[in-house]
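# Results of the structural survey
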Amino acid sequence: MKKLLTLIVLFIGLNTFAQRGERKEIDPEEFAQKNTERLTEALGLNEEQQAKIYNINLKNAQERKAKMEERKSEERTKPTKEEHEAMKAEMETKLNAQKEEMKNILNKEQFQKWETIQEKMKERRGDGERGEKKMKE
């Protein structure tokens, strides 16, 4: 009886561990659509704005997926400080470019709401001041 119980617990544990390692592949089109829908609801976008923002979201999702595939194919090594700074600068440039695109698409009120949403997301991810302090320590 003890052996049977041990086997059941072991099987459940292994099954849980195996499932944790599997990640669902996110389709860029699906991601772009869902993200556009969320922004439409939050900002009250019209159809023209939705189409433009969908294209931005799709482009970003495709780039992100390509980067992930590239990282999967490479040998995992910790980036040097210079590489890390270069990646950070590249990301900052992309974020600023996206901000300018959004500024051109949204009206002032929508853009302010969008910036607020971005700040909240940044805080949730830990990328805010707290995250930068951790990096410096």
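Our structure is the block above this text.
Starting afresh in each chain, residues are numbered from 1 along the sequence in its written order. Predicted model: local features are reported for residues with pLDDT of at least 70 only, side-chain atom pairs are reported and counted for 80 or more only, and whole-chain, interface and lining totals are derived from all residues. For the side-chain quantities, the full set of heavy atoms in the structure was used; hydrogens and water were omitted.

It is worth spelling out the packing of helix H2 (residues 28-43) against helix H5 (residues 108-125) at this point. Look at H2 against H5: their axes get within 10 Å of each other, and the N-to-C directions meet at 125°. One way to sum up the angle between H2 and H5 is to call them oblique. Classified by chirality, the crossing of H5 by H2 is right-handed. On the side of H2, the interface is formed by Leu39, Ala42 and Leu43, while H5 contributes Gln110, Lys113, Trp114 and Ile117. Axis lines are fitted to C-alpha atoms, over the contacting stretch for helices. Their N-to-C directions set the angle, which ranges from 0 to 180 degrees. Secondary structure elements follow DSSP: runs of H or I no shorter than four residues count as helices, runs of E no shorter than two count as strands, and numbering proceeds from the N terminus. When an angle is under 35 degrees it counts as roughly parallel; over 145 it counts as roughly antiparallel; between 65 and 115 it counts as roughly perpendicular; any other value is oblique. Each crossing is labelled by how the near helix is turned from the far one, with a counterclockwise turn of less than a right angle marking it left-handed and a clockwise turn marking it right-handed. Residue contacts are defined here by distance: any two heavy atoms, one from each residue, within 4.5 Å place the two residues in contact.

This part takes up the environment of Glu25. Note that Glu25 resides in the loop between helix H1 (2-21) and H2. Once the C-alpha coordinates of Glu25 and Lys65 are considered, the two residues, 40 residues apart in sequence, prove to be 9.2 Å apart. Setting aside its immediate chain neighbours within four residues, Glu25 contacts Lys65, Glu69 and Lys72.

The next subject is the packing of helix H3 (residues 47-73) against helix H4 (residues 81-105). Where H3 meets H4, the axes come as close as 10 Å, and the angle between the chain directions of the two elements is 165°. Between H3 and H4, the angle falls in the class roughly antiparallel. At the point where H3 passes H4, the crossing takes the right-handed sense. Note on element contacts: H4 touches H3 through Glu90, Lys94, Gln98, Glu101, Met102 and Ile105, opposite Gln49, Lys52, Ile53, Ile56, Lys59, Asn60, Glu63 and Lys67. Here the contact of H3 with H4 is built from residues that sort into 4 nonpolar, 3 polar and 7 charged. Three residue categories are used. Nonpolar comprises Ala, Val, Leu, Ile, Met, Phe, Trp, Tyr, Cys and Pro, charged comprises Asp, Glu, Lys and Arg, and polar comprises the others, including Gly.

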